[in-house]
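If you want the building blocks of each chain, they are given just below.
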Amino acid sequence: MEKRNYQKELDGVIAGLSGAKPRLLLQGCCGPCSSYVLEYLTQYFDVTLLYYNPNIRPEAEYDRRLSALKELLARMPEGAAVKLVEPGWRGGEFTEAIRGLESEPEGGARCPVCFRLRLEETARLAAGGGYDYFGTTLTVSPHKNAPMLNAIGEALAERYGVRWLPSDFKKRNGYLRSIQLSKQYGIYRQEYCGCGLPEREGAD
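Fair warning: this is a prediction, and the values are worked out from it, not measured in the lab.

> How should empty space enclosed by the protein be read in this particular structure?
One water molecule sets the probe size; rolling that probe over the atoms shows where empty space is left. Counted under the stated rule, the structure contains one cavity of 30 Å³ or more. By volume, the largest cavity is sized at about 50 Å³. The wall of the largest cavity is formed by Asn55, Arg110, Cys111, Cys114, Phe115, Arg118, Lys144, Cys193 and Cys195. For the lining of the largest cavity, the per-class residue count stands at five nonpolar, one polar and three charged.

This is how it looks when you write it as structure tokens:
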């Protein structure tokens, strides 16, 4: 089976756009990952950024990353056109979703469960809000499984009746660009995804 190139698939979506920018609900995990993705996608889409990340622990770290994301939107030129939706820290939803997987390491069996939790809420809100597409910034990270994220997104697109935006934003030096933009705007870069370290698991 031929390996899919999700960046080329995104190129195809963009090439097919015409008229007014389609509305995109984009799940954003943090300021650094959002930086390059927003710089790129706001050229083609009317972007609303959804900060739904119940996996981030402790709650103070969630708030710190949210603050960094707001700071990014205030500083970067593209940020002025981006709407931010933030439903509040809902750590209990993550705790329930990963029940039985608590001892798994970050990067292990919890990840697909976590991806689905966050992307399903994005798909649900996108469908209810009349968005044309939904997507995520998560594929910019070299530590995230882009084929897995895209497979989950495609399945949810069928379930909720809203189009999934394919992506592998780390391509074309996207991750490097996110580092450059983070430094340029002085944005806080976290040292872990959200749920990984045992001492943080009990810190909420």
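Let us keep going from here.
> Explain the sheet that holds strand 5 (residues 163–164) to me, please; I cannot follow it from the model alone.
The sheet built from five strands is open, its strands ordered 3-2-1-4-5 with parallel pairing. Every other strand in the sheet has two partners, leaving strand 3 (83–85) and strand 5 as the edge strands with one partner each. Sheet topology places strand 2 (residues 46–50) next to strand 3; three bridges connect them, and they run parallel. Residue pairing in the sheet places Thr48 in a bridge with Lys83 of strand 3.

> What should I look at first to understand the packing of aromatic side chains in this one?
Geometrically, a pair of aromatic rings is defined through the distance of the ring centres and the angle of the planes. By the definition in use, this model includes six aromatic pairs. Between Tyr36 and Tyr40, the ring centres sit 5.8 Å apart and the planes meet at 25°, which makes this aromatic pair stacked. Remark: Tyr40 and Tyr36 occur in helix 2 (residues 31–41); sequence separation between them is four residues, near one turn of the helix. Taking the relative accessible area as the measure of exposure, Tyr36 reaches 11% and is therefore buried. Their ring planes at 55° and their centres at 4.8 Å tell us that Tyr51 and Tyr62 sit as a pair that is tilted. Of this pair, Tyr51 sits in the loop between strand 2 and helix 3 (59–75) while Tyr62 sits in helix 3, and the two are eleven residues apart along the sequence.

Criteria and cut-off values
Starting afresh in each chain, residues are numbered from 1 along the sequence in its written order. Only residues with pLDDT of 70 or above have their local features reported here, since the model is predicted, and side-chain atom pairs are shown and tallied only from 80 upward, although totals for entire chains, interfaces and linings are computed over all residues. Side-chain measures here rest on the full set of heavy atoms in the structure, leaving out hydrogens and waters. A pocket, in this scheme, is an open set of points on a 1 Å grid over the protein atoms alone with protein on both sides within 12 Å along at least 5 of 7 lines, while a cavity is a set where a 1.4 Å probe fits but cannot get out; residues line either one if an atom lies within 4 Å of a point. Grid points are joined across faces, edges and corners, and a volume is the space filled by probe spheres set on the points. Polarity classes work like this: nonpolar for Ala, Val, Leu, Ile, Met, Phe, Trp, Tyr, Cys and Pro, charged for Asp, Glu, Lys and Arg, and polar for all others, with Gly in that last group. When DSSP finds two or more bridges between a pair of strands, those strands are recorded as paired. What counts as a helix is a DSSP run of H or I of at least four residues, what counts as a strand is a run of E of at least two, and both are numbered from the N terminus. The aromatic pairing rule takes the rings of Phe, Tyr and Trp, using the six-membered ring of Trp, and pairs them if the centres are within 6.5 Å, calling planes under 30 degrees apart stacked, those over 60 edge-to-face and the rest tilted. Only protein chains enter the calculation, and the probe is 1.4 Å; a residue is then buried if its accessible area is under 20% of its type maximum, exposed if over 50%, and partly exposed in between.

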